[in-house]
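# Examination of the molecular architecture
The chain contents come next:
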Amino acid sequence: MIHINQLERIFRSRLRRRSVTAVQDLTLSIEPGELFGLVGPDGAGKTTTLRMLAGILKPTSGEATVNGHDIVKEAEAIKQELGYMAQQFGLYPDLTVDENLNFICDVFDVVGDAREQRIQELLDFTNLHDFRQRRARQLSGGMQKKLALTAALVHRPKLLLLDEPTTGVDPVARREFWDILTELHASGSTVIVSTPYMDEAERCNRVGLMYNGRLMVCDTPGAVKRMLPGAVLALRADNLAAAERVLKDMQQVIDVQPYGDVLSVIVTDHGDSAAIEARLSEAGVQVESLRPAPPRLEEAFIYFVRQYAANNHRPIEEVRA
Amino acid sequence: MNRRHVLAIAKKEWLHIIRDPISIFLLMIGPVLMLIIISYAMATDVENVPVMVYDQDGSPESDELVKRLDRHNVLDVITHVDSTAEVEDKLKRREARVAVLIEEGFADQLSSIAGLQSLYTDGPRVSFIIDGTDPISAETAMETALQVSEAYMTERLNVMLDEQSEAGADETLIEVFREQLTTPITLEIDNRYNPDLKAIWDLVPAMIAVALMLPGMSISTTIAREHSQGTLESLVATPVDKEAILLGKALPYVLISLINVILMYIVARVIFGVPFRGNLALYLALSALYAFATLAVGLLFSILIRNVEAALWASMMFFLFPGMFLSGMFFPVEIFPFVIKIETLELPATSGVVINRGMFLQGVSARVLWWNILLLLIIAVEGFEIAVRLFKKRIA
Ligand SMILES: Nc1ncnc2c1ncn2[C@@H]1O[C@H](COP(=O)(O)OP(=O)(O)O)[C@@H](O)[C@H]1O
Ligand SMILES: [Mg+2]
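My aim in this report is to walk through the structure given alongside it, one point at a time. (Residues numbered from 1 in each chain as written. Chains lettered and ligands numbered in written order. Predicted model: local features only at pLDDT ≥ 70, side-chain atom pairs only at ≥ 80, totals over all residues. Heavy atoms only, no water.)

### Quick word on the overall build of chain B
Basically, it comes down to this: Numbering of helices and strands starts at the N terminus; helices are DSSP runs of H or I of at least 4 residues and strands are runs of E of at least 2. For the exposure calls, accessible area comes from a 1.4 Å probe over protein chains only, and a residue counts as buried if that area is under 20% of its type's maximum, exposed if over 50%, partly exposed in between. A contact between two residues is defined here by any heavy atoms of the two lying within 4.5 Å.
Along the backbone of chain B there are 19 helices and four strands. The buried share of chain B, taken over its 396 residues, is 51%. Sequence separation of at least 24 residues holds for 81% of the intrachain contacts in chain B that already meet a minimum separation of 6.

Written out as structure tokens, the structure reads:
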């Protein structure tokens, strides 16, 4: 469905003094029926990637096809078939929900009886029925996101590109939103969604971890977690800051990441826990508990980012090879 | 081009306009207001310009001159002064805008043949100083002062010549003086001073063309506004074609321009009493063409400048200032150097002014205006075509 080959996008500042490489060396294929998560922090290059795929941004080099259409030469054909939801709210704030949806239907040639039927169907789906006469400006952030999704769905696209559809949305609305996405996916749509949240990434069938314009790792969430070397130990103790300092210097410790009142200690082997406990009490840290834990995507991601920085910003696979 | 797409864009654009109180006010009332205010400001009669008198002659004749100046409603003699220093002082402090300086011997120049001769050889013993900071009232005041003075002096000298001839002076000599006296003065005054309303008849139709550029200025921010609002990204990601976006955006503004034309037509006829001698249907058609031409240029600005303030300023530099000064509204296009003349051809307003004046005052037909119609067609079609070519359905 989507084939990306060596895609690169460089933004040059108008004064030509600075340039930003937003996306580089991106090679990736996405098959029909996937729910693909493009995961990464702000500035990773997610939006730039999705914009290029939507045919609204020219790559600096490389090529890509969407549904067999070239993203530069056949951009308009892509726009016919694609449902694109931009990161920024793209509907008109001074128009009502109904007016916005009618406008989008006009533009996508959804006309006649089919239009009202489709709008009804989508409003049922997204629970926006009671807000049809409301100006888009007066909707909450979560409802705006749902309206934008509704607008992206009017022409029944087989492929959806959603750019951070849940950023700035409350947890309940986020869950609702993901239920909708899961349903779309189950009904056979291909969905590509970008997100900075790891818990959302876990719900995708495949994730691509992006950082600094590079795709660091791309696989199923399970496989990505298995790529984390060694094992994870969850540590609870009275002085986590001291524990972190001590553990970082230990040979068998690969990485230490704080998560609230728990310290995730990535070690070469489960069997290291005795040595770790001994070292901690030696340093005067009172250990409450230290037990093996299943690795999380977030731990893998942070680990990869650190590796990537330590390896002078070369992608993980390259370093391995 | 898909008609449904054009209408969809036009409809949403119309909603943007009517839901924004500022833009609906500026677009619906702005041009009419501009027409009324500027026409009034330009055409208001200059009245009661304060005048001071430095009379060193102190004769009945100088008194009479001052009285006549004061009696004219343009001038208002407010004070008499006793030194040139005082004259300078009062001018500087703007207590008076005009100074009438009457030298000793003013009466003598009007009372004898020798005086009349000295008037022509040495110059008159009366002169004026005018504060030129407000050129329109200054010019009116100056012309009034000259006219009144010359009329009085001519009258007085004619009386003197009558008396001389009654007293038995050489008739042929008197006739020579009479001839010399009247001819240049009366001619000059008649040509210069024209107090009827003709100026405003010229101004109002031109002003209509200039005011009609406001919608063009307004549309020049349309893409920038969508850009800053974040809706441009979603719009260009839809399959709607570029022509439909731009044409759809222009249509509501054409409608608004036509509403404005009708309102301004009524104001011109009713408030300013300007005659309309042309064909009304032709006038509306040409106004729509003119609106299209200005809107095409406005769209071009909109596409080139993706920042609301910058787009507004750029279009103001293009539309408003040159529109007023280069379009022929204030100064005839003929006086400009060749290069500027070429530039003014590009301005829709130049043709708009010609067409409006032609339709209102002369009642000309389309055939007479063919050159300006052709120019507007070229600006409209080419402007739109270039806009479509420059507009990319992409961000950045
Ligand atoms: N239009 C643009 N002009 C200049 N730089 C840009 C532009 N868009 C994105 N960038 C830069 O490219 C990098 C990647 O941005 P983006 O794709 O928006 O990341 P993300 O969506 O993952 O937050 C950032 O450093 C950003 O500043
Ligand atoms: Mg982004």
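There's plenty left to go through after this.
### What to know about the sheet that holds strand E3 (residues 35-39) of chain A
Residues and elements named next belong to chain A. Basically, it comes down to this: Only strands that DSSP links by at least two bridges are regarded as paired with each other. Helix axes use the C-alpha atoms of the stretch in contact, all axes being lines fitted to C-alpha atoms, and the angles between their N-to-C directions lie in the range 0 to 180 degrees.
One open sheet holds the six strands; their spatial order is E6-E7-E8-E3-E9-E10, and the pairing between them is mixed. Each end of this open sheet is capped by a strand with a single partner; those strands are strand E6 (82-85) and strand E10 (214-219). For this sheet, the mean inter-axis angle between neighbouring strands, taken without regard to orientation, is 15 degrees. Of the strand pairs in this sheet, strand E7 (residues 159-163) and strand E8 (residues 190-195) are connected by five bridges, and their pairing is parallel. Looking across to E8, one finds that Leu161 is bridged to Ile192. The strands that helix H1 (residues 46-53) touches are E3, E6, E7, E8 and strand E9 (206-211); relative to E7, the one it contacts most, it runs at about 150 degrees.

### Description of the interface of chain A and chain B
Rule in force here: By convention, the term buried area covers the 1.4 Å-probe accessible surface removed from two parts as they join, with the contributions of both added. Salt bridges are counted wherever a side-chain nitrogen of Lys or Arg sits within 4 Å of a carboxyl oxygen of Asp or Glu. As used in this structure description, the phrase polar contact means that two N or O atoms lie within 3.5 Å; if the pair is within protein, one of them must be able to donate a hydrogen and the other to accept it, and residues adjacent in sequence are counted only when both atoms belong to side chains. Side-chain classes are defined by residue name, with Ala, Val, Leu, Ile, Met, Phe, Trp, Tyr, Cys and Pro counting as nonpolar, Asp, Glu, Lys and Arg as charged, and the others, Gly among them, as polar.
Counting residues at the interface gives 29 residues for chain A and 26 residues for chain B. Where chain A abuts chain B, roughly 2,500 Å² becomes buried across the two surfaces, and 57% of that area is made up of carbon and sulfur atoms. A per-residue breakdown of the area chain A buries against chain B is headed by A:Ile56, A:Tyr92 and A:Val107, which together make up 23% of the total. At the boundary of chain A with chain B, the tally comes to four salt bridges. B:Arg19 is the salt-bridge partner of A:Glu99, the closest N and O atoms lying 2.7 Å from each other. Remark: the boundary between chain A and chain B carries 16 residue pairs in polar contact (both at pLDDT 80 or more). At the level of elements, helix H2 (75-81) and helix H3 (97-107) of chain A are the ones that each hand at least two residues to the side of chain A that touches chain B. Here the residues of the side of chain A that touches chain B are counted per class, giving 15 nonpolar, five polar and nine charged.

### A few points about the packing of aromatic side chains
Put simply, the rule is: Side-chain rings of Phe, Tyr and Trp (the six-membered ring for Trp) are treated as a pair once their centres are within 6.5 Å; stacked means planes under 30 degrees apart, edge-to-face means over 60, and tilted covers the remaining angles. A ring is scored as having a charge over it whenever the NZ atom of a lysine or the CZ atom of an arginine sits within 6 Å of its centre and within 35 degrees of its normal.
Counting across every chain of the model gives ten aromatic pairs over all chains. Pairing B:Phe276 with B:Phe360 gives two aromatic rings, centres 5.0 Å apart and planes at 90 degrees, and the pair type is edge-to-face. Here B:Phe276 is found in the loop between helix H14 (242-270) and helix H15 (280-304), whereas its partner B:Phe360 is found in helix H18 (residues 348-362), with 84 residues between them in sequence. Given the relative accessible area of 14%, B:Phe276 is considered buried. Measuring from centroid to centroid gives 5.9 Å for B:Trp370 and B:Trp371, while their planes differ by 70 degrees, and the two rings are edge-to-face. Taking NZ or CZ as reference, A:Arg174 lies 4.1 Å from the ring centre of A:Tyr197, over its face. Of note, A:Arg296 hangs over the ring of A:Tyr259, and the distance from its end group to the ring centre comes to 4.3 Å.

### A look at the side chain of A:Glu299
All names here are of chain A. For Glu299, the position within the fold is in helix H11 (residues 297-310). Here Glu299 falls in the buried class, since its relative accessible area comes to 2%. In contact with Glu299, not counting residues within four places along its chain, are Leu228, Val232, Gln257, Tyr259, Ser264 and Pro294.

### A short note on the pairing of strand E2 (residues 75-80) of chain B
Residues and elements named next belong to chain B. Keep this limit in mind: Viewed with both strands pointing away, a crossover whose connecting path from the first strand over the helix to the second turns clockwise is right-handed.
When strand E1 (residues 49-55) meets E2, the two strands line up parallel, connected through five bridges. When the bridges of E2 are listed, Met52 appears paired with Thr79. Read from E1 through helix H4 (residues 60-71) to E2, the crossover connection turns out right-handed.

### Quick notes on the packing of H15(B) against H18(B)
All names here are of chain B. For the record, the criterion: Angle categories are assigned with fixed cut-offs, so that under 35 degrees is roughly parallel, over 145 is roughly antiparallel, 65 to 115 is roughly perpendicular, and the rest are oblique.
Running from amino to carboxyl end, H15 crosses H18 at an angle of 170 degrees, the nearest separation of the two axes being 10 Å. Classified by the interaxial angle, the pair formed by H15 and H18 is roughly antiparallel. Within the contact between the two elements, H15 uses Leu282, Tyr283, Leu286, Tyr290, Ala293, Thr294 and Val297 and H18 uses Pro348, Ala349, Gly352, Ile355, Asn356, Met359 and Phe360. For the contact of H15 with H18, the per-class residue count stands at eleven nonpolar, three polar and no charged.

### Observations concerning the sheet that holds strand E13 (residues 262-267) of chain A
Paired through backbone hydrogen bonds, the strands of a sheet run either parallel or antiparallel to each other. Residues and elements named next belong to chain A. The strand order across the open sheet built from four strands is E12-E13-E11-E14, with neighbouring strands paired in antiparallel fashion. Every interior strand has two partners, whereas the edge strands, strand E12 (253-259) and strand E14 (287-293), have only one. Shown here is a sheet whose adjacent strand axes are inclined to one another by a mean of 20 degrees, direction ignored. When E12 meets E13, the two strands line up antiparallel, connected through six bridges. Note that in E13 the partner of Pro258 across the bridge is Leu263. Along the sheet face, H11 touches strand E11 (231-237), E12 and E13 and points at about 125 degrees away from the line of E12.

### Some words on a nonpolar patch on the surface
Residues and elements named next belong to chain B. Using the following cut-off: Candidates for patches are residues over 30% relative accessible area with no salt bridge; among them, like charges are joined within 9 Å and nonpolar side chains (Val, Leu, Ile, Met, Phe, Trp, Tyr) within 5 Å. Note that accessible areas follow from Shrake-Rupley with a 1.4 Å probe, and for residues the cover is restricted to the protein chains shown.
Taken together, Ile22, Phe25, Leu26, Ile29, Leu33 and Ile37 make up a surface patch of nonpolar side chains, about 570 Å² in accessible area. Looking at the nonpolar patch, the elements that each hand over two or more residues are helix H2 (21-28) and helix H3 (30-43). Broken down by element, the nonpolar patch gets its largest block of residues, three residues, from H2. Tracing the sequence through the fold places Ile37 in helix H3.

### So, the coordination of the magnesium ion (ligand 2)
For a metal with four tetrahedral donors the ideal donor-metal-donor angle is 109.5 degrees, while six octahedral donors give ideal angles of 90 or 180 degrees. All names here are of chain A. The condition is simple: Atoms are scored as donors when they are N, O or S and lie within 2.8 Å of the metal, with 3.2 Å used for Na, K and Ca; no water is included, so coordination may look incomplete.
Ligation of the magnesium ion (ligand 2) by protein atoms is provided by Thr47 (OG1) and Gln87 (OE1), these donors lying 1.9 to 2.1 Å from the ion. Taken together, the positions of Thr47 in helix H1 and Gln87 in the loop between E6 and H3 put the pair 40 residues apart, joining distant regions of the chain. Gln87 gets classed as partly exposed once you look at its relative accessible area, which sits at 31%.

### What about the environment of B:Arg3?
Residue and element names in this part refer to chain B. On the secondary structure map, Arg3 appears in helix H1 (residues 3-19). The exposure class of Arg3 is exposed, given its relative accessible area of 70%. For the pair Arg3 and Ala244, spaced 241 residues apart in sequence, the C-alpha separation works out to 7.7 Å.

### Points about the site of ligand 1
All names here are of chain A. This is how the line gets drawn: Throughout, the term near means that a residue has one or more heavy atoms lying within 4 Å of the molecule or strand in question.
Around ligand 1 sit Phe11, Val20, Ala22, Pro41, Asp42, Gly43, Ala44, Gly45, Lys46, Thr47 and Thr48, and those are all the residues in its vicinity. Within the backbone of Ala44, an N or O atom sits 3.2 Å from an oxygen atom of ligand 1. Contact distances for ligand 1 include 2.9 Å between an oxygen atom and a side-chain N or O atom of Lys46. For ligand 1, whose free accessible area comes to 560 Å², the fraction covered by protein is 65%. At the level of secondary structure, the elements contributing two or more residues to the shell around ligand 1 comprise strand E2 (19-30) and H1. Sort the elements by how many residues they give to the shell around ligand 1 and H1 lands first, with three residues.

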